[in-house]
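These are the residues of each chain, in order.
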Amino acid sequence: MTINLLLVEDEPTLSSLLKEFLEIEGYKVYTALNGEDGFKLFKSSPPDICIFDVMMPRLDGFSLLEKVRQENTKVPIIILTAKSLKQDIIKGLKLGADDYLTKPFHFEELNLRLKNILKRTTNTQSQNIYMIGKYTFNINSQTLEFGGEIQDLTAMETNILNLLYTFKNQTLERKETLQNLWGGDDFLNFRSIDVFISKLRKYLNKDSSVKIVSIRGKGYKLIIEKV
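Values in this document were obtained by computation on a predicted structure and should not be read as measured data. (Residues numbered from 1 in each chain as written. Predicted model: local features only at pLDDT ≥ 70, side-chain atom pairs only at ≥ 80, totals over all residues. Heavy atoms only, no water.)

1. A look at the overall build of the protein
Alright, step 1. Within the protein, the secondary structure is distributed over 8 helices and 12 strands.
Alright, step 2. Going through the 227 residues of the protein one by one, you find that 48% of them count as buried.
Alright, step 3. Residue pairs at least 24 apart in sequence account for 58% of intrachain contacts in the protein once pairs closer than 6 positions are excluded.
Alright, step 4. Between the mean site of the 31 positive side-chain charges and the mean site of the 29 negative ones, the protein shows a separation of 7 Å. (Helix = DSSP H or I, 4+ residues; strand = E, 2+ residues; numbered from the N terminus. Buried < 20%, exposed > 50% of the residue type's maximum accessible area, 1.4 Å probe, protein only. Contact = heavy atoms within 4.5 Å. Lys, Arg positive; Asp, Glu negative; His and termini not counted. Charge placed at Lys NZ, Arg CZ, Asp CG, Glu CD.)

2. Concerning the side chain of Asp98
Alright, step 1. Along the chain, Asp98 falls in the loop between helix H4 (86-95) and strand E5 (99-103).
Alright, step 2. From its side chain, Asp98 meets the backbone nitrogen of Ala155 in a polar contact 3.2 Å long.
Alright, step 3. At a separation of 2.8 Å, a polar atom in the side chain of Asp98 contacts the main-chain amide nitrogen of Met156. (Polar contact = N/O pair within 3.5 Å; in protein donor to acceptor, adjacent residues only side chain to side chain.)

3. Structural notes on the sheet that holds strand E7 (residues 135-138)
Alright, step 1. Spatial ordering of the open sheet is given by E6-E7-E8-E9, a layout of 4 strands whose pairing is antiparallel. Of all the strands in the sheet, the pair left with one neighbour each is strand E6 (129-132) and strand E9 (149-152). Neighbour to neighbour, the strand axes of the sheet diverge by 25° on average, direction disregarded.
Alright, step 2. Examined bridge by bridge, E7 and strand E8 (residues 143-146) share 3 bridges and lie antiparallel to one another. From the neighbouring strand, Thr136 faces E8, where its bridge partner is Glu145.
Alright, step 3. Lying over the sheet, helix H6 (residues 155-166) contacts E6, E7, E8 and E9, oriented at roughly 65° with respect to E6. (Pairing = 2+ DSSP bridges. Axes fitted to C-alpha atoms, helices over the stretch in contact; angles between N-to-C directions.)

4. Observations concerning helix H2 (residues 35-44)
Alright, step 1. Among the residues making up H2, those that are buried are Gly35, Gly38, Phe39 and Phe42. Looking straight down H2, one finds its buried side chains confined to an arc of 100°; they lie on one side. Facing away from the buried surface of H2 by more than 90 degrees, the exposed residues are Lys40 and Ser44.
Alright, step 2. As for H2, its buried residues are in contact with strand E1 (3-8), strand E2 (27-32), strand E3 (49-53) and helix H3 (61-71). (Arc of directions from axis to C-beta.)

5. Quick look at the packing of aromatic side chains
Two numbers describe a pair of aromatic rings. These are the distance of the centres and the angle of the planes.
Alright, step 1. In this structure the tally under the stated criterion is 5 aromatic pairs.
Alright, step 2. For the ring pair Tyr130 and Tyr165, a centre distance of 4.5 Å and an interplane angle of 20° mean the geometry is stacked. Here the residue Tyr130 occupies a position in strand E6, and Tyr165 occupies one in helix H6, the gap between them amounting to 35 residues.
Alright, step 3. A relative accessible area of 13% places Tyr165 in the buried class.
Alright, step 4. Their ring planes at 40° and their centres at 4.8 Å tell us that Tyr135 and Phe146 sit as a pair that is tilted. A residue pair is termed long-range when its members are at least 10 positions apart, and Tyr135 in strand E7 and Phe146 in strand E8 qualify at 11 residues.
Alright, step 5. Tyr135 sits in the buried class, given a relative accessible area of 2%.
Alright, step 6. Grouped by ring-pair contacts, the aromatic residues Phe21, Phe105 and Phe107 constitute a single cluster.
Alright, step 7. Positioned above the aromatic ring of Tyr30, the side-chain terminus of Lys28 is 5.8 Å from the ring centre. (Phe/Tyr/Trp six-rings, centres within 6.5 Å; stacked < 30°, edge-to-face > 60°. Lys NZ or Arg CZ within 6 Å of the ring centre and 35° of its normal.)

Structure representation (C-alpha cells):
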C-alpha cells in the first residue's frame, strides 16, 4: 500500500532532497514551501502522514499544525525544529504533533520515525474497545467517550494510553516507554512524554476512579479503581 506523505519545508534544497529520498523509500510525496500552500495540499490531497517545518513564511508550522488539527486529529504529524529551540518542541507537542526531529538530522532517522509511527498506527487496527472506568477507549477510531461526549486523540496519545492500559495498575517504566515510542531516553524525550501524560490526565479527569500517577524515578501508572 502506498503511503501519501505531505512535506512542508520552506528550504527548497532540503525539500527536494527529502522528497527524492522518501520516494525511493516508497512514499508518495506531496511538497509545499510554505504553510498556506501546505494547508491547501492537505485539503486537496489528504495525506496518511505529515512532516512540517516550524519556521516557514506565510503560515508557520505551529499555525499550520493548529489548522490541520482542527480538520483532522488523527493524521500523524512530525515537526522539524532547530536544535537550540527546545521550547518549540514542547509547544508543537502541546498543539498536537506526534513526534519531532531537530535539525540537522539524518534522513535515515526520519525514515525510522515514520516507520515507527505507521507501524504503531497499523498495529492498533486489530485491537479492541476497552473500558477505562466510565470511559470507552476506542483504539481504532482514536477516541475516548464519556457520557456521550467524544474526545478525539492523536496517534501518539492513543499509543501512550494503550501502553498505560496494557500495564494498568502496574508501573509503566519511563525508560522502556521512551525507547518504545522514540527509540531513546534523552532529556527532550522525557519532557515530551510529560506533555502527553499531562494531556491524557485532563481527558480522564471526569471519572474520579481513573487517574494517571507519576512514580518518582520510575515511570507512570494508570490506576483504575473498582467502584
